[in-house]
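Working through the structure, step by step
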Amino acid sequence: AAAWYGNSTMEVIGYTSFTGNLSVGAQTFINITWNCPNQTGAINAHSYFSGLTGTFTVTSTGSGSLVFNNTASAKIYSVNGGFVQSGGTIDMASSSGSTNIDVDGDVSLLGGTLTETGSVTSYLRFTNTTTQNFTVNNAHTTANDVDFRGYAGCIVALTQNTNIDAASMLLEGTLSCGQYVLTGAGFSMFPYATLSTGHDNGIAASAATGSIQTTSRSYSTEAYYVYNHPSSMSYSGDGIPSTVSRLTSANTGGSLQLEKDVTVNEQLILTSPIQVGTSG
C-alpha cells in the first residue's frame with residue numbers, strides 16, 4: 001500500500017495484453033489517470049478506484065476497455081472531484097450487476113465511449129449541490145444502457161449543445177441549460193426537479209426546438225420551471241405542463257411570452273414580466 005496526499009496522481013500507462021482483475025491493495029487515491037494506448041484486453045477495476053478525492057481521467061484504453069463491474073453484484077463508485085474521459089472505452093457493467101458512478105465535480109466527456117455490455121442499466125450520477133458543469137463533445141459516444149441522473153439537490157449546467165446519444169437524462173435536481181440544447185434518447189423530470197432555460201423558444205413537447213430536444217420527453221406537473229433568457233424576451237414553448245408547482249420569469253431585457261394556459265400551484269416568481277395571450 002501507498003499513501004497518497006494533496007494533489008498526487010497515479011497514472012497507469014503500461015498495460016498491454018493483460019486481462020483480468022486489478023489488485024492494487026488497500027489505499028485511497030487522490031487523482032487517477034488511465035492512459036494505456038497499447039492495451040488490448042478488458043481490465044477489471046472493481047472498486048479499487050472508488051472514494052477518489054480528486055479527478056478520475058481516462059485518456060486511452062487502446063483496443064481494450066476499462067471495466068468497472070464484471071460481477072453480478074451492484075457497485076457504486078464515488079468520485080469526489082471531476083470525471084474526464086477523452087478517449088478509450090469505459091465498460092460500466094459487463095455482467096448482471098449494475099454500476100453507479102457518483103460524481104461530485106465537473107463531468108467532461110470529450111472522446112471515447114461510455115458503455116455497458118451487461119444486462120442492466122448503469123448510471124453516471126451528479127451529486128453536488130453546487131454547480132457541476134456537464135460538457136459532452138461530439139467525439140464522445142454514450143452507448144447501450146447507460147443513463148445520466150441528477151440527484152435531488154444537485155445543480156447541473158450545460159456548457160455547450162449536448163448530445164448524450166443513446167442515453168437519457170433523469171432529473172431530480174436542477175438542470176441549467178442556458179441557451180444550449182440537450183439531445184439524446186430521453187429526458188424525464190421527477191417531482192420538485194427544476195428545469196432552467198434561456199432558449200428563445202423555451203421547452204417544446206416534441207418539436208426540434210427549445211432547450212430539450214431528446215427523442216422522448218417527460219415534464220413533471222410537480223416540478224419547477226425557470227425562464228432566464230440572458231438578453232431578451234423568450235417564449236415558454238408548448239412543453240411546459242398545463243399545471244406546474246412553480247413558475248419563474250427571470251429574463252434579462254424582456255418578458256416571458258406564455259403560449260398556453262398554465263396553472264401554478266405553489267409559487268409564481270416575476271423578476272421580469274409575463275405576457276399572456278397569443279399576441280402578447
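Everything below is about the structure shown above.
Read on for an overview of the structure.

About the criteria used
- Sequence order as written defines the numbering, with residues in each chain counted from 1.
- Under the rules for a predicted model, residues below a pLDDT of 70 receive no local features and side-chain atom pairs below 80 are neither given nor counted, while totals for whole chains, interfaces and linings still include all residues.
- Working from all heavy atoms in the structure, the side-chain values ignore hydrogens and water.
- By definition, two strands form a pair when at least two bridges between them are found by DSSP.
- Put simply, DSSP H or I for four residues or longer makes a helix, DSSP E for two residues or longer makes a strand, and each gets a number counted from the N terminus.
- With axes taken as lines fitted to C-alpha atoms, and helix axes fitted only over the stretch in contact, angles between N-to-C directions fall between 0 and 180 degrees.
- Throughout this description, buried means an accessible area under 20% of the type-specific maximum (1.4 Å probe, protein chains only), exposed means over 50%, and partly exposed covers the range between.
- Any N or O atom pair separated by 3.5 Å or less is treated as a polar contact, with the protein-specific requirement of one donor-capable and one acceptor-capable atom, and with residues adjacent in sequence counted only for side-chain atom pairs.
- It only takes one pair of heavy atoms within 4.5 Å for two residues to be counted as in contact.

This brings us to the sheet that holds strand 22 (residues 216–218). Strand order in the open sheet formed by 7 strands is 7-9-11-14-17-20-22, and the pairing between neighbours is parallel. The outermost strands of the open sheet, each flanked by one partner alone, are strand 7 (75–79) and strand 22. Neighbouring strand axes in the sheet, compared pairwise and without regard to direction, differ in orientation by 15° on average.

It is worth spelling out unusual backbone geometry at this point. In this model, Asn144 sits at a positive phi of 60°, which is unusual for a non-glycine residue. With respect to the element layout, Asn144 can be found in the loop between strand 13 (140–142) and strand 14 (146–150). The exposure class of Asn144 is partly exposed, given its relative accessible area of 44%. Located in the positive-phi region is Asp165, a residue other than glycine, with phi close to 55°. Relative to the helices and strands, Asp165 resides in the loop between strand 16 (162–163) and strand 17 (168–171). Judged by its relative accessible area of 26%, Asp165 is partly exposed.

So, on to the sheet that holds strand 28 (residues 274–275). Judged by pairing direction, the sheet is parallel, and its 3 strands sit side by side in the order 24-26-28 without closing on themselves. Each edge of the open sheet carries a strand with a single partner, namely strand 24 (234–235) and strand 28.

Time to look at the pairing of strand 20 (residues 186–189). Of the pairings in the sheet, the one linking strand 17 to strand 20 comprises 4 bridges and is parallel in character. Bridging from a neighbouring strand, Met169 pairs with Phe187 of strand 20. Examined bridge by bridge, strand 20 and strand 22 share 3 bridges and lie parallel to one another. Looking across to strand 22, one finds that Phe187 is bridged to Arg217.

A separate point is the side chain of Thr214. Mapping Thr214 onto the fold places it in the loop between strand 21 (194–197) and strand 22. Given the relative accessible area of 1%, Thr214 is considered buried. A distance of 2.7 Å separates a polar side-chain atom of Thr214 from the backbone oxygen of Ser216. With residues up to four places along the chain from it excluded, the contact list for Thr214 reads Leu182, Thr183, Gly184, Ala185, Gly186 and Phe187.

None of this, on its own, says anything about what the molecule does.
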